[in-house]
Amino acid sequence: MWKLVMGIYMTIGFAIVLAATEGFQRDSESALMGAFVGVLVAIAGTGGSLIKRRRFWWSFLFATIFAQVSFVGLAVFYETIWYSL
């Protein structure tokens, strides 16, 4: 069942990448940073789904937690530390 969760998060991440880059038509810095959010969600969701492989809901729970923590961490980083660099 973890493969299904991994596929769900890969699809969500790819959809975010397509939306941020408008179907790979834009390649500005802001578009690529928006696409990075999709890549981050896909990687974090995949990593979370690998923790509990046997049950769908546990795998989905860990994938969701990993994706949300990564997204919030990225947002906090860019809103606080990024301006100091």
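Just so you know, the residues in each chain are numbered from 1, in the order the chain's sequence is written. Two thresholds apply to this predicted model, a pLDDT of at least 70 for residue-level local features and 80 or more for giving and counting side-chain atom pairs, whereas whole-chain, interface and lining totals are computed over all residues. As a rule here, side-chain values cover all heavy atoms of the structure and leave hydrogens and water aside.

Looking at the nonpolar core
Part 1 of the argument: Buried residues of nine kinds, namely Ala, Val, Leu, Ile, Met, Phe, Trp, Tyr and Cys, make up a nonpolar core once their side-chain atoms join them within 4.5 Å. Relative accessibility thresholds used throughout: buried, under 20% of the residue-type maximum; exposed, over 50%; partly exposed, between the two (1.4 Å probe, protein chains only). With six residues, the main nonpolar core is built from V5, Y9, V41, A44, A63 and A67.
Part 2 of the argument: When residues of this core are traced back to their parent elements, those giving at least two are α1 (2-20), α2 (29-49) and α3 (56-81).
Part 3 of the argument: Pairs of residues are marked as contacts when any of their non-hydrogen atoms sit within 4.5 Å. Once residues lying within four places of it in the same chain are set aside, the contact partners of A44 are A63, F66, A67 and S70. Secondary structure counts use DSSP, requiring at least four H or I residues in a row for a helix and at least two E residues in a row for a strand, with both numbered from the N terminus.

A short note on the packing of α2 against α3
Angle between the axes and distance between the axes are the two parameters that describe a pair of packed helices.
Part 1 of the argument: For helices, the fitted line uses only the C-alpha atoms of the stretch in contact; every axis is such a line through C-alpha atoms, and the angle between N-to-C directions lies from 0 to 180 degrees. Close contact between α2 and α3 brings their axes to 7 Å; oriented N to C, the two are set at 145 degrees. In the crossing of α2 with α3, the sense of the turn from one axis to the other is right-handed. Taking contact as the criterion, the partners of M33, F36, V37, L40, V41, A44, G45, G47, G48 and S49 in α2 are, on α3, S59, F62, A63, F66, A67, S70, F71, L74 and Y78.
Part 2 of the argument: Basically, the charged four are Asp, Glu, Lys and Arg, the nonpolar ten are Ala, Val, Leu, Ile, Met, Phe, Trp, Tyr, Cys and Pro, and anything else, Gly included, counts as polar. The residue inventory of the contact of α2 with α3, partitioned by class, reads 13 nonpolar, six polar and no charged. By definition, any crossing whose near helix is turned counterclockwise from its far helix by less than a right angle is left-handed, and any crossing with a clockwise turn is right-handed.

Considerations on α2
Part 1 of the argument: Helix span, expected: 1.5 Å multiplied by one less than the number of residues in the helix. For α2, built from 21 residues, the straight-helix expectation of 30 Å at 1.5 Å per residue is met to within 8% by its first-to-last C-alpha distance of 30 Å.
Part 2 of the argument: In this structure, the buried side of α2 is in contact with α1 and α3.

Here we look at the pattern of salt bridges
Part 1 of the argument: In the sections that follow, a salt bridge refers to a side-chain nitrogen of Lys or Arg positioned within 4 Å of a carboxyl oxygen of Asp or Glu. For the coordinates displayed, the defined rule picks out one salt bridge.
Part 2 of the argument: As a salt-bridge pair, E22 and R26 come within 3.5 Å of each other at their nearest N and O atoms.

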